[in-house]
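Structural description and commentary
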Amino acid sequence: MGISETYSRGRDLAVSRPFVLVVVGIIGLLAFDLVRQLAAPGGLTAGQLASFLWDGLVVGLSIGLAGVGLSMTYSILNFANFGHGDYVTSGAFAGWAVTWVFAGAGQFDLTTLLFIGSVSTRDLGVSAFATPLAIVAGLIVAAAATVVLSLVIDRLVYKPMRDEGGISLLIASIGVALALRYTIYIVFGQRTRGLTDAQSVPQLALGGGFEVGGHEVALVLIAAGLMLGVHLLLQTTKLGKAMRAMADNEDLARVTGIPTERVVRFTWIIGGGLAGAGGFLIALERGAMNFQFGWVLLLLIFAAVILGGIGSIYGAMFGGVTIGIAQSIALVWLPSEFSTVAAFGVMIFVLLFKPDGIFSGVTTA
């Protein structure tokens, strides 16, 4: 590309989309200020910056993991499932009830443990390091319970409406979300429940004020492993090929003999399992949750899916990490109450350049 062509393209961009240049200028100023703060005595340290990036990665992977299921639902069933956040909550509560039962068996009665939060977390001593078998059992149950919930709701609510179109399904999903949320509220109450014993979770100091928590490491490793598993399933199995074919053209997939109803069933199994596992892991890292836990996360999950490209599995993964890091890095300049604003600002900035998202045109593949 010659100098004259580059100049011509830049001029056309300035005329047709001036707001883009304004945003690019703001990003440049923020990058310059970040370097200035790192260089200034008594300013931002490399350890603090590393801590922000690590926290963003932890949050981003958890959002991305939950977003994969939402993106799969959209790409294959073609509707935005507003009940997805409450699937996350349902899986988290089911998994943590089982974790508490395993950790406190023989010490406390079953009813006290099942309803989570009636025992001091210090007395129970739950953590991935003090009670690893209880955590593993809870993670498995969280995924399995959400799979069962997803299949039951699909059979009772979505399957009879599947030919009605995306808007009808979307409205139905809002009703499902409300029903699930307030069922959890009736059973478990509204208060925020502590889950883990912070004293039994090791902290690894890496210098410069940068510390890595044991539960954060567990979340990153498990989330990355699950995402890799989704990638291998989509790219190397017959089911993955069938899912990609159905996402591209459902009618053609049906004509070529692909069992579309079976693909739909496995979409709910995989999406529900990831939602439940994601909810359990996010609660593990935070150490607490309440009945609105997944609903509050849903906005960030949707932001990640839109940023990456609606319907793209890899877009949901990348979008989640981008949203998480943007939210965390914003703390350099903004109070914590406004960090979410920065995450959505990044989403808007990217969509100015790529209105269909970063991975636009790439569905489940």
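Below is a summary of the structure that appears in this document. Just so you know, these numbers come straight off a predicted model, no measurement behind them.

The next subject is the overall build of the protein chain. Check the secondary structure of the protein chain and you find 15 helices and 4 strands. Over its C-alpha atoms the protein chain spans a radius of gyration of 22 Å, differing by no more than 12% from the 21 Å that the globule rule assigns to 365 residues. Across its three principal axes, the protein chain shows a C-alpha extent of roughly 75 × 65 × 35 Å. Expressed as a percentage of the 365 residues in the protein chain, the buried residues total 46%. Relative to all contacts within the protein chain whose residues are 6 or more apart in sequence, the contacts with residues 24 or more apart total 74%.

What follows is about the side chain of D154. Relative to the helices and strands, D154 resides in helix α7 (residues 132-158). Leave out the neighbours within four places in its chain, and D154 touches K159, P160, R162, V264 and W268.

The subject of this paragraph is the nonpolar core. W96, W100, I116, Y158, M289 and I323 are the most contacted members of the largest nonpolar core, which totals 90 residues. Counting residues per element, this core draws most heavily on helix α12 (residues 260-286), at 12 residues. Excluding anything up to four places from it in sequence, I116 contacts F93, W96, A97, W100, F188, R191, R193, L195 and M289. Membership of the second largest hydrophobic core comes to 6 residues, among which are L44, L49, I329 and V332.

We now examine a nonpolar patch on the surface. On the surface, L110, L114, F115, I174, L178, Y182, Y185, I186 and V187 cluster together into a nonpolar patch covering about 810 Å² of accessible area. Of all the secondary-structure elements, those providing two or more residues to the nonpolar patch are α5 (110-114) and α8 (166-188). Per element, the largest residue contribution to the nonpolar patch is 6 residues, and it comes from α8. Mapping V187 onto the fold places it in helix α8.

One pair of aromatic rings is described through two measures. These are the centre distance and the angle between the planes. Inspection of the entire model under this criterion finds 11 aromatic pairs. For the ring pair F79 and W268, a centre distance of 6.5 Å and an interplane angle of 50 degrees mean the geometry is tilted. Of this pair, F79 sits in the loop between α3 (46-77) and α4 (84-104) while W268 sits in helix α12, and the two are 189 residues apart along the sequence. Judged by its relative accessible area of 2%, W268 is buried. When the ring of Y158 is compared with that of W268, the centres are 5.5 Å apart and the planes differ by 5 degrees; the resulting orientation is stacked. Residue Y158 is located in helix α7, and its partner W268 is located in helix α12; the two are separated by 110 residues in the primary sequence. For the pair formed by Y158 and W268, the shared burial category is buried. Three or more aromatic residues joined by ring pairs make a cluster, and in this case those are F79, Y87, Y158 and W268. For the cation-ring pair, R181 lies above W295, with the distance from its terminal atom to the ring centre recorded as 4.0 Å.

Evaluated as defined, the whole model comprises 1 salt bridge. One salt bridge connects D86 with R181, and the closest N-O pair in it is separated by 3.1 Å. Placement of D86 in helix α4 and of R181 in helix α8 is noted, with a sequence separation of 95 residues between them. With relative accessibility at 4%, the residue R181 sits in the buried group.

What follows deals with α4. Taking 1.5 Å as the rise per residue, α4 with 21 residues should run 30 Å; its terminal C-alpha atoms sit 30 Å apart, in good agreement. In the segment just after α4, G106 is the residue with positive phi, at about 90 degrees.

This part takes up the packing of α3 against helix α10 (residues 238-248). Packing of α3 against α10 leaves a shortest axis separation of 7 Å and a crossing angle of 60 degrees. In terms of axis orientation, α3 runs oblique to α10. Residue-level inspection shows M72, S75 and I76 of α3 in contact with α10, the latter providing M243, M246 and A247.

What follows is about a positive patch on the surface. Judged by side-chain charge, R155, K159, K238, R262 and R265 come together as a positively charged surface patch. Tracing the sequence through the fold places K159 in the loop between α7 and α8. A relative accessible area of 36% means that K159 is categorised as partly exposed.

Looking now at the packing of α3 against helix α9 (residues 214-236). Running from N to C, α3 and α9 point in directions that differ by 40 degrees, and their axes come no closer than 9 Å. Between α3 and α9, the angle is such that the two are oblique. Both α3 and α9 take part in a crossing whose hand is left-handed. Taking contact as the criterion, the partners of W54, D55, V58, L61, S62, G64, L65 and V68 in α3 are, on α9, E216, V217, L219, V220, A223, L226, M227 and V230. Its residues assigned to classes, the contact of α3 with α9 comprises 12 nonpolar, 2 polar and 2 charged.

Cut-offs used in this document
- Residues numbered from 1 in each chain as written.
- Predicted model: local features only at pLDDT ≥ 70, side-chain atom pairs only at ≥ 80, totals over all residues.
- Heavy atoms only, no water.
- Helix = DSSP H or I, 4+ residues; strand = E, 2+ residues; numbered from the N terminus.
- Rg over C-alpha atoms; globule rule 2.2 N^0.38 Å.
- Buried < 20%, exposed > 50% of the residue type's maximum accessible area, 1.4 Å probe, protein only.
- Contact = heavy atoms within 4.5 Å.
- Core = buried A, V, L, I, M, F, W, Y, C linked by side-chain atoms within 4.5 Å.
- Patch = residues over 30% accessible without salt bridge, like charges linked within 9 Å, V, L, I, M, F, W, Y side chains within 5 Å.
- Areas by Shrake-Rupley, 256 points an atom, 1.4 Å probe, with all protein chains shown as cover.
- Salt bridge = Lys/Arg side-chain N within 4 Å of Asp/Glu carboxyl O.
- Phe/Tyr/Trp six-rings, centres within 6.5 Å; stacked < 30°, edge-to-face > 60°.
- Lys NZ or Arg CZ within 6 Å of the ring centre and 35° of its normal.
- Expected span 1.5 Å × (residues − 1).
- Axes fitted to C-alpha atoms, helices over the stretch in contact; angles between N-to-C directions.
- Parallel < 35°, antiparallel > 145°, perpendicular 65-115°, else oblique.
- Lys, Arg positive; Asp, Glu negative; His and termini not counted.
- Charge placed at Lys NZ, Arg CZ, Asp CG, Glu CD.
- Left-handed = near helix turned anticlockwise from the far one by under 90°.
- Nonpolar A, V, L, I, M, F, W, Y, C, P; charged D, E, K, R; others polar.

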